[in-house]
Each structure stands twice: as structure tokens, then as C-alpha cells.
Amino acid sequence: MILENKIDSNFITFGRQEILFLVLAIISAIGLSFGAHALLVGHDNVFGTSREIPWGILITPYVFFACLSTGLCIVCSLGQVFNIEVFKPIINRTAFLALITMATGLMCITIELENPWRVPFFALLSPHPSSNIWWKTTIYSLYMIFMVFNLLSLFMKNEKRARIFAIIALVTVTMGNLNMNSDMAILGGRGFWSENYMPLYFLSLSTLTGCAAILLFTWIANKLNNETASKAEDNALRATARLFMILLFGVLYFTGVKIMGGFSPQFTKNPEAMFLLVQGDFAPNFWIGEVFLAVVLPLLLVLITKGKNKGILAIASLSCLIGSFSLFYHLVIVGQLIPHYFQFNVVDLPKYYSYTPSLHESMITVGAIFFFLAAFMFGEILFKKINFGK
Amino acid sequence: MKVNKEESMKIEDLKKLRNEGVENIPSVERRQFLQFGLAITGVFLGGTVLSLTSAKNVEGAVSGGKILDGNYPYNPHYTMVIREKHCIDCEKCLVACRKTNNVSIHGYRTTILERSVPVAPGERERIFMPILCNHCNRPPCVRVCPTSATFKDKVNGIVRMNISKCIGCKTCMAACPYNARFFDEEIRAIDKCNFCYDTKLKESNGKITACADACPANVRVFGDLTNPETPAYKLIHSAGKVFWVLRPELNSMPNVFYVEK
């Protein structure tokens, strides 16, 4: 009833934003249709993955969006859970973004599975509590449910109930984030993830990308709606920008540790992979993606403008998100490229395994990113009509 | 100078102590010491000296050697001992495995790696190293499976698959340190060595696997670690025999052992 009252008479109108949403949705559908095809013919026939590299690029958007959702939930909780007044104006949009990013992440991992239809049955009928993957999937699914209830409560202006769901969601997603790290760290043959600093690094990165996303998408939303941010929203964004800057310094420190690991084996548990990343074939990706785009450029832009120019902040955030995406790609792929028996002087064993994403994998990744963008656009259209965005 | 004086005094003190001798050490302790020494020797010879593993792996290897304390958690506790230097790469084992277990052409359950090992300056030795699932006592693949599709058989310790539960996440492939698993598109599930659990092992009443049966040089010696009469048991329990496992640093406690001859 409350929702119905808020919907104005122009609910069904079709304008510039609706066309943009359709374009985004169509691109997403085209990309995801490659996933349907891969499911039919089998991944081995259309993916670049192999016996040696079983995890391909599709793990990257999953990890990226799941971490992004974690960060958004943390930023959202600053206002909603911890009652920090300045962050309250961005609660609604942050909560919505947290929900759709997790939905996108879970969609990616579903497409990445060869037999996704077995998950609902055997995750429930034959659970394996020692498996971090089982915990992670369960935790993230529960988190999504809590976020849906959180959002519905926010819709209905029931802040007290929304806060309860927000608290549960925050605890849940933090557990999920740490679980994701453990999930990767225990992969016996591949030690790339098992650095001691990983849990804190993951959490910092997640919050960093969360800040970047809310800065970028609030700016985009304002541009789409031809609006200027209200003073309260402006203050919230400035506070987020300050948090963004602090986290950039934090992630810069971790990047420094990575660089040290790439040059000196005593600083890492997997010197071969770190060398490949920092000095080997992945060095251009690392220095441009992880160092320049993810940290250095955003930090410079924020420092130069003192976080006051929202346009520049949006560019810094976009740069950070693109760089972070490459970072997660490296985390998934580089460790796997070290041959299992590299210490055994095996004849004809390549120095590194190779992996290149196939057309199908690339298109599914594009489809997933556009799915998120389409969902964001849909949210903007819907929330404007029901006057929920702010 | 003062330091040297103090040190010499300590040595003098030590000299005054009575030598307890070794005759009073219980035989159990002697055996444990000997086994520990053998494990370390095996690891160093099979690892560091032959450049198989880096020095930091030794620590893990010693703990991995715990399997030799005589307490085997399964009965029968199946094992395979690879007599590495006997292998001539005839690949009869690979053919037998594929035929017996109807292995898809898109993958393999076992293979043979050719190694070129430095033995002296400017000299290298060619060694053929058969590899297969190590049926670890602490299998990383089993640990990560979200639906228990891969599991450790509670009776005999074989790492097996329940293909109907496999969701195809391939985490077990990523976790396996031995590259012993592959995804078979024909059955839409992971396939791996199961010591011919449902084929040759069943037919032979638990005596032998297809690969071991087919090997003309007796490279692959299949056996039961709870039975001291089996050749496999004897191969790794002989005094002075050097044996090793692959990638001991991961502490997965493999049940496939390697000896030279």
C-alpha cells in the first residue's frame, strides 16, 4: 500500500533512461547467452580453462562483485548500523548496490559451474561443512536474503527493522569475505592466496571498492537525473571520499608488500607466482592495473582535488574499480600458472602454464558487468518513480 | 676473551658428566629414532640432493613422514610404491588404466613424467616418474568439495568420486597438488584414479590394480600397509631403504611412495 501510494502517474512512461536500460539489458542478455551455450556443449569445448588451469576468468567477476558487495555493505552499515549521521543520506542507494552486486557475483559463479542444477539439491542434501566453498555459497545466499529484507524495510520506512537486517547482513558478509580468503588459501597445490596479510587485504580491498562504487554511481545517477547532490548527500560523499583516501593508503601498503614479494622471495609464500606477477609476463598488467589504476592514479586525483571535485572523484573511482578487477584476475590466475611439478626437472614441462580467456568466457564476463549496470539503471528508474533513491 | 673462557669452562663442566651410554635406551625409542632418521634421509636424498624440493620443504616432509609410525588409519590401507628407476616408459600401465576403467580420451588418470635430473656437473640422468592420485590421508581435494562428491573411503582410504553429486566447480582440481584430476565432459563429473576400486581391484579381491598388473618391470607395486607380507610394505619398511613422497611440504600425507629400485 505504501509503495502504491508513492508511485506517481508517470510510472509507465518511456524515456531516455528506459532506453538506456534496454540497451544495457540487451548487451547483458547477449553476453549471458554465451553462458547458456557453454552449459549445453560443455565448458571444455568453449572455455580456455584446462586440466592445469581449472579456474578461468569467470571466477574474477564473482570475486570482484562479491567483494564489492561486502564493501558496499560495510559503507552502508556506517550510517545504518553504526548511526554515523553523515553517511545516512547514501544508505538506500548503497544497500541496493550491495544487493545487485552480490546477485551479479552469484550469477557469475553459477554460470562457471558445469552442473549448476545440482547445487540446490546437493548443497542441502549432501553438505560438506569442511568445505569453505559450501560455507561461502551458503553465507552469500543468506546475505542476499537479509539484504532483500533490509531493502524492503527501507522501502517501508521501517528503519528499526531495516537496521536489524543490516546488522545481520554485515556480520554475514564479513564472514563470507573471510571465508572466501580461506577458500583460496587452502588450495594445497596453489599457494598464491595464502599470504598472512590476505584477510586484512581482502577486507580493505572490499571496502575500498565499495567506496569507489558509491562515489561513482552516485555521480552517474545525478548526471542521469540531471540533478545536483543535496548538501547532506554532498557531505556523505565527502566523508566517503575521505574513507576512500585512507583505504587507498592502506591498499598501497599491501601493494608494496606484494612488490617486495616479487623481488625478494623471503617476503612471500609463493615466490614463483609473485615473480611472474611483478617481474614476469604479468608485470605490465600488474604495474598498470594493480599499481597505477587501482591505487596510484586514484590517490593522486583524490589528493590533488582534496576530494572536493565529484567528477574527478568519479574518474578516480572508475580507475580504482578497473584496477581492482585486474587485481582479482591476477589473484585467480597467476598462482595457477606455476606448473605442479616445476621443481622436478620434468622434460618439456613449460616454465609456466598458459591461459587465455576464450570468446565465451569474455562474453559472459561482459554480460555479467552489463547485467549489473542494467540492474543499477533499473533501480534508478524504479526508485525515481517511487521516490526512494534518497 | 672473557667469552672464550666461559665457553671453555662449560666444556669442562660437560666433560665431568657421566656418559649414560646407549645400552639403556628402550628398543622402542631406538626404532623410532631409526625411522625418523630414515625419513629425514629419504627426504634429503629424494628432495634436496636431487633438487626435487627446496630446503624449506623438509620441515613439512618430516611431519608427512608420520605415516610411517605403524598406525595406519585404514584396513586395508592401500598404497602404491613406485620403483622409479625401473620404469622404461613403455606406457603399458597407461593403456591398461584407460582400457580397464574406460577413461575418456579427453583426460587421463595416470601418466608418466620424464625427468632430466642433474647428477654431476654437466651430467644428467633420465628418469621416468609415473604419477597418479596419491590418495592422501589429508586430501586437499576432499577438504574443498562442497557437496562431498569426492570423499575418502572410510574402509580403505581410497579417494573416490560420487559423480552424481559433482557440481563441476573444479575446486578439487585446483586444490590437488598432483594434477591427478580432470573434468570428463562425457560423464559431466570429475574423473580420477581410484585404485581401480570398481574394476580390477574388485575383480582381484583387493590384490592389484590394472596399472600394476600390466607393468612388465614391476615398477608399480600395489599393496596394503597393514599387511607386512605384501611387497609394498616391505619396500618402504626395509632398514636403510630410502623412499620419498611427492610434494611433502604440503603435509597432505600421500599414500604413493617412491623408491629408487
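Relevant structure appears above.
Residues numbered from 1 in each chain as written. Chains lettered and ligands numbered in written order. Predicted model: local features only at pLDDT ≥ 70, side-chain atom pairs only at ≥ 80, totals over all residues. Heavy atoms only, no water.

## Observations concerning the overall build of chain B
Moving on, step 1. Looking only at helices and strands, chain B has nine helices and ten strands in total.
Moving on, step 2. Summarising the internal contacts of chain B: among those between residues at least 6 apart in sequence, 60% fall at separations of at least 24. (Helix = DSSP H or I, 4+ residues; strand = E, 2+ residues; numbered from the N terminus. Contact = heavy atoms within 4.5 Å.)

## Some remarks on the overall build of chain A
Moving on, step 1. A count of helices and strands for chain A gives 14 helices and zero strands.
Moving on, step 2. Order of helices (α) and strands (β) in chain A, N terminus to C terminus: α-α-α-α-α-α-α-α-α-α-α-α-α-α.
Moving on, step 3. Burial statistics for chain A: of 390 residues in total, 58% are counted as buried.
Moving on, step 4. Pairs at least 24 residues apart make up 81% of the contacts formed inside chain A by residues separated by at least 6 positions.
Moving on, step 5. A total accessible area of about 15800 Å² is found for chain A, and carbon and sulfur atoms account for 70% of it. (Buried < 20%, exposed > 50% of the residue type's maximum accessible area, 1.4 Å probe, protein only. Areas by Shrake-Rupley, 256 points an atom, 1.4 Å probe, with all protein chains shown as cover.)

## With respect to helix 13 (residues 310-333) of chain A
All names here are of chain A.
Moving on, step 1. In this model, helix 13 (24 residues) spans 34 Å end to end at C-alpha, consistent with the 34 Å of a helix rising 1.5 Å per residue.
Moving on, step 2. Most of helix 13 sits inside the fold, with 18 of its 24 residues counted as buried.
Moving on, step 3. Taking the backbone nitrogen of G311 as reference, a side-chain oxygen 3.0 Å away marks N309 as the first, capping residue of helix 13. (Expected span 1.5 Å × (residues − 1). Polar contact = N/O pair within 3.5 Å; in protein donor to acceptor, adjacent residues only side chain to side chain.)

## Quick word on helix 4 (residues 59-80) of chain A
Moving on, step 1. Across its 22 residues, helix 4 of chain A extends 31 Å between first and last C-alpha, which sits within 8% of the 32 Å expected from 1.5 Å per residue.
Moving on, step 2. Among the 22 residues of helix 4 of chain A, 22 are classified as buried, and the element is accordingly described as predominantly covered.

## Quick look at the state of the cysteines
Moving on, step 1. Under the defined criterion, the tally for this structure stands at zero disulfides over all chains.
Moving on, step 2. There is no disulfide at C87 of chain B, and the cysteine sulfur nearest it, in C93 of chain B, is 6.4 Å away. (Disulfide = S-S within 2.5 Å.)

## Quick look at the pairing of strand 3 (residues 123-131) of chain B
Moving on, step 1. Judged from the nine bridges that link them, strand 2 (residues 111-120) of chain B and strand 3 of chain B form a sheet pairing that is antiparallel. The residue bridging E114 of chain B from the neighbouring strand is F128 of chain B, located in strand 3 of chain B. (Pairing = 2+ DSSP bridges.)

## Remarks on the pattern of salt bridges
Moving on, step 1. One pass over the full model with this rule turns up 16 salt bridges over all chains.
Moving on, step 2. Among the salt bridges present, the one from E380 of chain A reaches R93 of chain A, with a minimum N-O distance of 3.0 Å. With E380 of chain A in helix 14 (residues 359-385) and R93 of chain A in helix 5 (residues 91-112), the pair connects residues that are 287 residues apart, well separated along the chain. Like E380 of chain A, the residue R93 of chain A is buried in the burial classification.
Moving on, step 3. K200 of chain B is paired through a salt bridge with D213 of chain B; the nearest N and O atoms lie 3.0 Å apart. Here K200 of chain B, found in helix 7 (residues 200-203), pairs with D213 of chain B, found in helix 8 (residues 210-214); they are 13 residues apart in sequence, far enough to count as distant.
Moving on, step 4. Residues joined by salt bridges that share partners form a network here, namely R93, E233 and E380 of chain A. (Salt bridge = Lys/Arg side-chain N within 4 Å of Asp/Glu carboxyl O.)

## Comments concerning a nonpolar patch on the surface
Moving on, step 1. Together, F14, I19, L22, V23, I26, I27, I30 and V366 of chain A make up an exposed nonpolar region whose accessible area comes to about 690 Å².
Moving on, step 2. For the nonpolar patch, the element with the highest residue contribution is helix 2 (residues 16-41) of chain A, accounting for six residues. (Patch = residues over 30% accessible without salt bridge, like charges linked within 9 Å, V, L, I, M, F, W, Y side chains within 5 Å.)

## A look at the nonpolar core
Moving on, step 1. Y62 and F244 of chain A are the most contacted members of the largest nonpolar core, which has 119 residues in total.
Moving on, step 2. With residues near it in sequence (within four places) discarded, F244 of chain A still touches L208, C211, A212, L215, P298, V302, A316, S317 and C320 of chain A.
Moving on, step 3. Counting residues in hydrophobic clusters, the runner-up holds 48 residues, among them C87, L132, V142 and C193 of chain B. (Core = buried A, V, L, I, M, F, W, Y, C linked by side-chain atoms within 4.5 Å.)

## Side note on the environment of G262 of chain A
Residues and elements named next belong to chain A.
Moving on, step 1. One can find G262 in helix 10 (residues 231-263).
Moving on, step 2. Sequence separation between G262 and A283 is 21 residues, and the spatial gap between their C-alpha atoms is 9.8 Å.
Moving on, step 3. If we ignore the near neighbours within four places in the chain, the residues touching G262 are M274, F275, V278 and Q279.

## Describing the packing of helix 10 of chain A against helix 12 (residues 283-305) of chain A
Packed helix pairs are characterised by how far apart their axes lie and by the angle those axes make with each other.
Residues and elements named next belong to chain A.
Moving on, step 1. Where helix 10 meets helix 12, the closest approach of the two axes is 10 Å, and the angle between their N-to-C directions is 150°. One way to sum up the angle between helix 10 and helix 12 is to call them roughly antiparallel. At the point where helix 10 passes helix 12, the crossing takes the left-handed sense. Residue-level contacts link A241, F244, M245, L248, F249, V251, L252, T255, K258, I259 and F263 of helix 10 to F286, W287, E290, V291, A294, V295, P298, L299, V302 and L303 of helix 12.
Moving on, step 2. Considering only residue class, the contact of helix 10 with helix 12 consists of 18 nonpolar, one polar and two charged. (Axes fitted to C-alpha atoms, helices over the stretch in contact; angles between N-to-C directions. Parallel < 35°, antiparallel > 145°, perpendicular 65-115°, else oblique. Left-handed = near helix turned anticlockwise from the far one by under 90°. Nonpolar A, V, L, I, M, F, W, Y, C, P; charged D, E, K, R; others polar.)

## Remarks on the packing of helix 10 of chain A against helix 13 of chain A
Residues and elements named next belong to chain A.
Moving on, step 1. In contact at an axis separation of 12 Å, helix 10 and helix 13 are set at 35° when each is read in the N-to-C sense. The element helix 10 and its partner helix 13 pack so that their crossing is left-handed. Taken together, the residues of helix 13 that come into contact with helix 10 (itself represented by D234, L237, A241, F244 and K258) are K310, L313, A316, S317, C320 and L327.
Moving on, step 2. Partitioning the contact of helix 10 with helix 13 into residue classes produces seven nonpolar, one polar and three charged.

## Considerations on the interface of chain A and chain B
Moving on, step 1. At the interface, 44 residues of chain A touch 52 residues of chain B.
Moving on, step 2. Interface area for chain A against chain B, summed over the two sides, is near 4000 Å², with a carbon-plus-sulfur share of 50%.
Moving on, step 3. The largest per-residue losses of area from chain A upon contact with chain B belong to R51, Y341 and F344 of chain A, which jointly make up 21% of the total buried on that side.
Moving on, step 4. Where chain A touches chain B, the interface holds two salt bridges.
Moving on, step 5. At the level of secondary structure, the elements contributing two or more residues to the side of chain A that touches chain B comprise helix 2, helix 3 (43-46), helix 6 (119-125) and helix 7 (132-155) of chain A.
Moving on, step 6. Of the residues assigned to the side of chain A that touches chain B, the class counts are 20 nonpolar, 15 polar and nine charged. (Buried area = accessible area lost by both parts, 1.4 Å probe.)

## A closer look at the sheet that holds strand 1 (residues 78-83) of chain B
Whenever strands of a sheet pair, they do so through backbone hydrogen bonds, lying parallel or antiparallel.
Residue and element names in this part refer to chain B.
Moving on, step 1. On the basis of which strands lie adjacent, the open sheet formed by four strands has the order 8-1-10-9 and mixed pairing. With one partner strand each, in any of the chains shown, strand 8 (220-224) and strand 9 (243-244) form the two edges of the open sheet.
Moving on, step 2. Sheet analysis places strand 1 next to strand 8, joined by five bridges and oriented antiparallel. Bridging from a neighbouring strand, V81 pairs with V221 of strand 8.

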